[in-house]
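Structural overview
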Amino acid sequence: MAAAKFEVPAFREYPVPPVVKEGTMAHVKSFPASAPIQEAIGFPGELVEDWHDKAIAKMGDLLGKYRSLKVFMDACVHCGACTDKCHYFIGTNDPKNMPVARQELMRKVYRRHFTFAGKYFPSLVGAADLTRELLDEWYTYYYQCSECRRCSVFCPYGIDTAEVTMAGREILDSVGYGQKYTNEIMGKLHRIGNNLGLPGPALEDTLLGLEEDILDDTGAPVKLPLDKQGAEVLLITPSADFFSEPHVESLIGYAKVFHAAGVNWTLSSTASEAGNFGMFIGSYANMRRAALRIRQAALELGVKRIVVGECGHAWRVAYSFWNTLTGVGAGGADPFSIELQKQLDPRYPAPQHICEFTYDLIQQGKLKFDKSANDHRVVTFHDSCNVARGSRMSDMPGGQFVIPREIIKAVANNFHDMAADTIGEATFCCGGGGGILTDDLMEVRVKGALPRMEAFNNVVQEHKVNFMALICAICKAQFTKVVPYYGFDMSMIGGVHQLVSTAIVLEVPEEADQEVAAGAEAAED
């Protein structure tokens, strides 16, 4: 099916707040999930007859379960500090993509059913009942939010729009009105073990093929082991790393790091996915079900450490939720959590990000690099939202900002940051996170990428930047699809460990060295 045509926003001379254009994105809706997709992850297959009452009951349940949600419903004073901080409002001009207005879709229903004033004087306090028309608006605009939390940084009350969006989606799912993209992927993960539905034998063949490619390219016998009993490290990485470009280049980088450091590591065929879309739809049950696969794999393989690959939301789930979901880290009192805590090596973070892992090895002098191998690249770095605002790396304050940049500087000579107000904690979203990375939302994705593309364009013009390094699978998939709309080449997008892979110096057996040299001579002839 051909993608709908739309106008790509022009770069702004100055980042002024956009002019409001009512309803500009009301026509953009992602495909709803079919009955089999919904039912596979525990939700009604279609909109239930008593959807109104069940939706209100679910809202009440969430308000009782999450005190923060009630605070967010009550605290907003409509100051407007968040309005021009959202990349979707900046790119679309639709006022319902202002964070405060998107929240208001739920807040007015909250007032009507859960406050005294709203029950008895609804018109005075902006309270409204949940109609079918409003339910459709929920579906439209809660799937035009990437849950990036940038607006929360600038909100004087710290209102977390992402949590409101998650609650809205959870209510929608509970009455049978779910999104095809996120829910279908959750079903694949539960059924097979990864988001792409890649079965174990296919994964094994893929890894063997990559080993051959690395050997041909470097002469080094780098291995990508699968289900290796007794390995020290279990790598949990996004399944896109197994075959998608440029993701696979980072997987090769991880393997080279492990090889160079002499680390005994493995991947798992049953837990071959770091991503966890349960967070996107606010479903703790689905998030835990997905995470338990990782605990099971760690226990069965007997590993001492768990390292997470380049994936933004996966790292947030691992860092912020694994402790209560699975007992990885601190927390979890069930027998399996206790057993895992005994098994994991307490000298290392549980879990640990691959950037932390590589940075520690660099600090210890265990990795050698030829920085000139990346001299054809002028690099910048995009801080992924869930890493920047929902997690941390190491015990270093701001480690999630410092460590990736230090790795880049260790492997490349040419690095330039984007504007200070577009990186770090204030980073702009790629525009495709939080369940938006689907072609039926391409207009949202392209327009939502505008602020990041503007900042990227500035360093391209000023410093001749030709490579944007990332540590998120969704960011990689989003930017490779979106940057051509703004006149850039998709080859300008890649991973931090892609740069590591290019620069790392591997020890090559003498006979392999001779074979590589002979191959090079033959190619010249």
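Thresholds, definitions, all that
Residues numbered from 1 in each chain as written. Predicted model: local features only at pLDDT ≥ 70, side-chain atom pairs only at ≥ 80, totals over all residues. Heavy atoms only, no water. Pairing = 2+ DSSP bridges. Helix = DSSP H or I, 4+ residues; strand = E, 2+ residues; numbered from the N terminus. Axes fitted to C-alpha atoms, helices over the stretch in contact; angles between N-to-C directions. Left-handed = near helix turned anticlockwise from the far one by under 90°. Contact = heavy atoms within 4.5 Å. Nonpolar A, V, L, I, M, F, W, Y, C, P; charged D, E, K, R; others polar. Buried < 20%, exposed > 50% of the residue type's maximum accessible area, 1.4 Å probe, protein only. Right-handed = clockwise from strand over helix to strand, strands pointing away. Arc of directions from axis to C-beta.

1. Let's talk about the sheet that holds strand β6 (residues 467-470)
- Reading across the sheet, the 3 strands line up as β5-β6-β7 and stay open at both edges, with parallel pairing between neighbours. If you trace the sheet from one side to the other, it starts and ends with β5 (379-381) and β7 (493-495), each paired once. Between one strand axis and the next, the sheet turns through 35° on average, direction left out of account.
- Looking at chain direction, β5 and β6 are connected through 3 bridges and run parallel. The residue bridging Thr380 from the neighbouring strand is Met468, located in β6.

2. What about the packing of helix α5 (residues 99-114) against helix α10 (residues 161-174)?
- Closest axis-to-axis distance for the α5/α10 pair is 10 Å, and the angle between their directions is 35°. Considering the relative orientation of α5 and α10, their crossing is left-handed. Seen from α5, the contacting residues are Pro99, Arg102, Gln103 and Met106; seen from α10, they are Thr161, Val164, Thr165, Ala167, Gly168 and Ile171.
- Its residues assigned to classes, the contact of α5 with α10 shows 5 nonpolar, 4 polar and 1 charged.

3. Topic: unusual backbone geometry
- A cis amide bond links Glu245 with the next residue in sequence, Pro246, at an omega value of 5°.
- Secondary-structure assignment places Pro246 in the loop between β1 (233-236) and α13 (247-261).
- Unlike most non-glycine residues, Glu147 shows phi in positive territory, near 60°.
- Structurally, the position occupied by Glu147 is in the loop between α8 (132-142) and α9 (150-154).
- The backbone of Arg149 shows a phi angle near 75°, a positive value even though the residue is not glycine.
- Tracing the sequence through the fold places Arg149 in the loop between α8 and α9.

4. Observations regarding the pairing of β6
- In β6, alternate side chains face the same way, and those of Phe467 and Ala469 on one face and Met468 and Leu470 on the other are all buried.
- As paired elements, β6 and β7 share 3 bridges and run parallel to each other. Each residue of the ladder has a partner; that of Met468, found in β7, is Ile493.
- Remark: the β6/helix α22 (residues 473-482)/β7 crossover connection has right-handed handedness.

5. Points about helix α16 (residues 335-343)
- Every buried residue belonging to α16 is among Ser337, Leu340 and Gln343, and all of these are buried. Looking straight down α16, one finds that the buried residues subtend no more than 120° of arc, so they occupy a single side. When the buried face of α16 is taken as reference, the exposed residues oriented beyond 90 degrees from it are Pro335 and Lys342.
- Considering only its buried residues, α16 is in contact with α14 (284-301).

Fair warning: the whole summary comes from geometry, so function is off the table for now.
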